[in-house]
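A structural walkthrough
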Amino acid sequence: MASNKIQFRSIHELKDQSLNAKLAQKEFQNEIPVDEFLGDAEKMNNSGTSRRDFLKLLGFSTAAVTLAACEAPVIKTIPYVVKPHDIIPGIPNYYASSYFDGFDFASVLVKTREGRPIKIEPNPTAGSLGKTNARAQASVLSLYDNDKLKQPKLNGADESFDKVDDYVIKGLNDAQAAGKKIVLLSHTLPSPTFKKLFGEFKAKYPSAELVTYEAYPHAAALDAAVEVFGQRALPVYDLSKSELVVSFRADFLADYNAGSLEISYAEARKPGATMLRHIQVESNMSLTGANADSRIRLKPSAVNKTLVEVYNGLNGGTNDKVAQEIVKELQAKGSKAVVFADGSKAAYVLAHLINQKLGSVAFTGKANMLKDFDGAKFNELVASMNANQVGVLITNNVNPISTSANGEAFKSAMSKVTCTVAVVDKKNEVFKASKAIIPVAHWLESWGDIAPETGSYSLMQPTIQKIYKSRQIEESLLVWINGKGSPANDFYTYLKASAASLLGGTSFNKALYNGFTAAAVGSSLSYAGGNAAQAISELNAFKASDLELQLYLNTAIGDGTQANNPWLQELPDPITRLSWDNYLTISPKDAERLKIENELNGRMQLDGSVVDLTVNGKELKNVPVFIQPGQAEGSLGLALGYGKKDSGKVAETGVNAYPLFDGSNTVLSNVSIKITGDKHEFAGMQLQNTLMGRYEIAKEATITEFLGDVNEWNKPLEMHTIGGALPIGKIDLWDSFDDTDGPHFNLSVDLNSCTGCGACVIACQAENNVPVVGKEEVRMSRDMYWLRIDRYYTSKLPKEFDTVKPDGKLSQQEAVDGGLDVPGMYSMLIEPSENPDVIFQPVMCQHCNHAPCETVCPVAATSHGKQGQNQMAYNRCIGTRYCANNCPYKVRRFNWFTYNLNDKFDFNQNNDLGRMVLNPDVVVRTRGVMEKCSMCIQMTQNVILEAKKEGRRVVDGEFQTACSKACSTGAMKFGDMNDVNSEVRALFGDKRKYTLLEEIGTKPNVFYHAKIRNRKENNV
């Protein structure tokens, strides 16, 4: 073997050499709770169940979402008397649209079945703007949120739109007559049509103003852009031609500059002589930092200092050793290098000026127009309300009371406004403080357009009628401009006329069909200024303290817009692998110093200390603490977006950190913590799926090794036989069978491209009706995910184990001699690495050609298909769990409960509205059966049938799984191995290719590509 790294999955695995063995023993320790399942025999014999109730228990209840104007779902099947011409039962329809919820944007395709949107797909027409993250994939479930407002209200009582409009129009006229301001407070709406419409609203009411508010406003980036580029717009970058990126705290693979650079990053990271090198300087272990080649841990004040020294080094000189090394690399790459920074306006300014000096080709000159927050205007609004100068306040789905550092001050000022109107989705603080309430329409129920960046134009169309009595802000503005009942109030007609001026010669219907088109919108950015001296002064003025806090956005929850979405709450954080929580992250050394503990209980469940956190005099009570390897000493991390009150039963999870956030600076000093003595129960997913103490699960090599002899770092495994050593693939106890007739599917997973974003996990959940089980069941190791992303930390091999050949590499003989091929393989590691490398590895059913699960099933519920899929017959499964015990990859899930129509699991599958998201092509599994990845057999069979109907062969690229389709970086590629021209067949021959646990001879149809790090091992 060739790796000089050892992977470990948690601190606890390092400290306790017997942990893996304990986990393996406890993984299936509980028996099926048959008493709950069968109940009392006498009651069973004496009870009666009607056919209607029986079907209801089976999840048969079908709501008429195609007649979605109904207030509540109809619990009966409704035949088509006159079938809609565009709906064929059993055949999906796809609509191009734009996902925009005030925080995220993506040009998407929406899959509908019988009038129900059930799945979000990327729109390939839109390129990088068509990528979907986990939140975009999950947004379809937010449409069916049962906690949404369902009815307009006036003074706390249900009312009609007619009465609400009377109240608002009177308020507008009164404010205009009194000379008071009319303010529309909204998240950024980068819609040319909305801006045109608001211009007409202002013409009707001259005192009207549009003020933008964001929970996470990118204010520092926007303020820096005004200074450097002269425009309030964020710059767009492209890393595809870059060879070096240096990031100071910037999480550019997540939510940096209102977008993500993961597509161009993955393109530039293809192993080769010009592979992009990534250096990350940060405090928290971020998603971007976890993907870095070299990660430098520094507390926030030290990150600021290093950024200043890098600027000085490029413009004269520096004595800082870390900065000197970075400057050398930047100067060597020149225009092929780029620097990113985050945390404050000054940090952004210096990064822009460094890129200007380098002449970085990553700077495209395009402007991102998805954010337009101006803190000065918002503060002016609060002052105007306090001075009784505002007659009407209309809030468009924003909640400054909860998400602003001065929320109570805003609430107090709002009480002084005569007419308050909230366009809102939940009964939150703004709802309570407003007199008129208009339920906001979901983006899947709305018409609109978005200009996300320079030269790009995207249309939004409804894919379902409004489920409840809701209305988008544009419809309301038309009513308030034209009066009730006016024929000019149709927003679709208004949008169509407005879009004509932007589409040029393209027809509206064609643009709507494509969803995305080029248009003359936005302007270009160019360097026009920037005060380096002032920026340096501001960064140096940041006061270092014993503990410093970095606020950040969680990959799943983001700014909290979709905090009531159970798919996102259960999605584990890619770094900590915890779900259903936010928490304070702390370094192991600081935790030891402050006597903060994380410990595993007898069930291998993680519990942690609870503290009261004080930042600049503001206190957050009862914040759980998680000990995070890679966290810089003297620093803490805390995610925003959690702890939302009155926003649904799921959204209240965690603590609300927004009161600590001033809207601009995400790094804070003057931090202290006080241990309460309580313990917090974490829901973790990293330790429950063991891989039996094997080594080389996640392979990696340096770029130097990659460019050298492949046998030095990825030599095929051999087995010694009487006739000598043979490749392990040539030795077989099984009879082979012919799989060349028809398609044979393989899935390629590239560890170099996988960023750990989790979009594939949510896509799989949506496509395959994977249930949400809740925090308690996750703690019991009973998550139901068909696809997980394992996170491995890697640590250097101690020199005393380098015995066979002193080359710094771990050979197979050294592993055996060191006892590393048993569950005690980590016994030599006493302390976890302070700054571990990270590898993300998606793991699903490997669809083994020689599957251990198939041979042990007593009822043949699992079998192998000719197309390579390991198949499950749910109605045959009797729940012995032999297959799960015999699976070395730990990818099978057992249904301990019926997760739908069960009050114990009060999530989307427990109400009629939430079940509308279910995919009718995939059965909803019941209690007592095993389930796992099917390689989306419903999708592959549909492609085969479509090609057969058209009398043609399937073209490479048509075969997809939910995960491969959702993967923005191309880490997952799916296809037919029997197609000699297929991409997956070419990837199978790549020198980075390997399979998991190849030595046990399962011959999986899933294969992996080793991770390549662009660094020398002594240059970490």
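Scroll up a little and you will see the structure.
Please read these numbers as outputs of a predicted model, since none were measured by experiment.

1. A short note on the overall build of the chain
Secondary structure summary: the chain contains 33 helices and 44 strands in total. Taking all 1020 residues of the chain together, 60% fall into the buried category. Within the chain, contacts between residues at least 6 apart in sequence are counted, and of these 75% link residues at least 24 apart. Surface accessibility of the chain: about 38700 Å² in total, with carbon and sulfur atoms responsible for 51%.

2. A short note on unusual backbone geometry
With the exception of glycine, most residues fall at negative phi, and the peptide bonds are largely trans. Phi at R577 takes a positive value of approximately 65°, unusual for a residue other than glycine. Summarising the element assignment, R577 is placed in the loop between α23 (566–570) and β22 (578–579). Overall, the relative accessible area of 3% leaves R577 in the buried class. Positive phi values are uncommon outside glycine, yet N622 reaches one of about 55°. Checked against the element boundaries, N622 lands in strand β26 (residues 618–627).

3. Describing the side chain of N368
One can find N368 in strand β14 (residues 363–368). On the basis of relative accessibility, which here comes to 8%, the residue N368 falls in the buried class. Side-chain polar atoms of N368 contact the backbone nitrogen of L370, separated by 2.9 Å. Ignoring any residue separated from it by four or fewer positions in sequence, one finds N368 in contact with A233, L234, V236, N257, A258, P452 and E453.

4. A few points about the environment of Y494
Mapping Y494 onto the fold places it in helix α20 (residues 491–503). Expressed as a C-alpha distance, the spacing of Y494 and E475, which sit 19 residues apart in the sequence, is 9.9 Å. Excluding residues that lie within four positions of it along the chain, Y494 makes contacts with T193, K196, L197, E200 and L478. Among the polar contacts listed, one links the side chain of Y494 to the backbone nitrogen of L197, at a separation of 3.5 Å.

5. Things to note about the nonpolar core
Within the largest apolar cluster, 247 residues are counted, with the highest numbers of intra-cluster contacts made by F201, F248, L330, F340, F410 and W480. Per-element accounting of this core gives the leading share, nine residues, to helix α14 (residues 345–358). Discounting residues that sit within four places of it in the chain, W480 has contacts with D165, V168, I169, L172, F201, K204, Y205, I394, V421, I438 and R471. Membership of the second largest hydrophobic core comes to 28 residues, among which are Y216, I586, I596 and L668.

6. Observations concerning the pattern of salt bridges
Pairing between side chains of opposite charge can happen when their charged atoms approach one another. Evaluation of the coordinates by the stated rule reveals 53 salt bridges. The partner of K426 in a salt bridge is D145, with the nearest N and O atoms 2.9 Å apart. Separated by 281 residues along the polypeptide, K426 in the loop between β16 (419–424) and α18 (429–433) and D145 in the loop between α6 (134–143) and β5 (153–154) bring together distant segments of the chain. Across the pair, exposure class does not vary: K426 and D145 are buried alike. E777 is paired through a salt bridge with R782; the nearest N and O atoms lie 3.2 Å apart. For E777, a relative accessible area of 3% translates into the label buried. Through salt bridges with shared partners, a single ionic network connects E700, D837, R1013 and R1015.

7. Remarks on the sheet that holds strand β3 (residues 105–113)
Strand order in the open sheet formed by three strands is β2-β3-β4, with antiparallel pairing between adjacent strands. Bordering the open sheet on either side are β2 (93–100) and β4 (116–122), each of which pairs with just one other strand. In this sheet, adjacent strand axes meet at a mean angle of 35° when their direction is disregarded. Where β2 and β3 come together, eight bridges link them in antiparallel fashion. Within β3, the position partnered with A96 by the bridge is L109. Sheet contacts for α6: β2 and β4; angle to β4, the most-contacted strand, approximately 170°.

8. Description of the sheet that holds strand β19 (residues 456–460)
Pairing in this open sheet of three strands is antiparallel, and the strands run β18-β19-β20 from one edge to the other. Each edge of the open sheet is held by one strand with a lone partner, namely β18 (448–450) and β20 (516–518). Direction aside, neighbouring strands of the sheet carry axes that sit 25° apart on average. In terms of strand pairing, β18 meets β19 through three bridges, oriented antiparallel. Across the sheet, I450 pairs through a bridge with S458, a residue of β19. Along the sheet face, α20 touches β18, β19 and β20 and points at about 165° away from the line of β19.

9. Description of the packing of aromatic side chains
Considering all chains together, one arrives at 33 aromatic pairs under this definition. Where F491 meets Y494, the ring centres are 6.3 Å apart and the plane angle is 20°; that geometry is what we call stacked. Within this pair, F491 and its partner Y494 are both found in helix α20, separated by three residues, close to a single helical turn. Under the relative-accessibility criterion, F491 is labelled buried at 4%.

10. Observations concerning the pairing of strand β15 (residues 390–396)
With seven of seven residues buried, β15 lies mostly within the body of the structure. Where strand β7 (residues 181–186) and β15 come together, six bridges link them in parallel fashion. Counterpart to V183 in the pairing with β15 is L393. As paired elements, β15 and β16 share five bridges and run parallel to each other. Directly across from I394, in β16, lies its bridge partner V421.

11. Examining the side chain of T420
Mapped onto the elements, T420 comes out in strand β16. Here the side chain of T420 touches K435 through a polar contact of 3.0 Å, landing on its backbone nitrogen. For T420, the contacting residues outside a window of four places in its chain are Y167, L393, M414, A433, S434, K435 and A436.

Cut-offs used in this document
Residues numbered from 1 in each chain as written. Predicted model: local features only at pLDDT ≥ 70, side-chain atom pairs only at ≥ 80, totals over all residues. Heavy atoms only, no water. Helix = DSSP H or I, 4+ residues; strand = E, 2+ residues; numbered from the N terminus. Buried < 20%, exposed > 50% of the residue type's maximum accessible area, 1.4 Å probe, protein only. Contact = heavy atoms within 4.5 Å. Areas by Shrake-Rupley, 256 points an atom, 1.4 Å probe, with all protein chains shown as cover. Polar contact = N/O pair within 3.5 Å; in protein donor to acceptor, adjacent residues only side chain to side chain. Core = buried A, V, L, I, M, F, W, Y, C linked by side-chain atoms within 4.5 Å. Salt bridge = Lys/Arg side-chain N within 4 Å of Asp/Glu carboxyl O. Pairing = 2+ DSSP bridges. Axes fitted to C-alpha atoms, helices over the stretch in contact; angles between N-to-C directions. Phe/Tyr/Trp six-rings, centres within 6.5 Å; stacked < 30°, edge-to-face > 60°.

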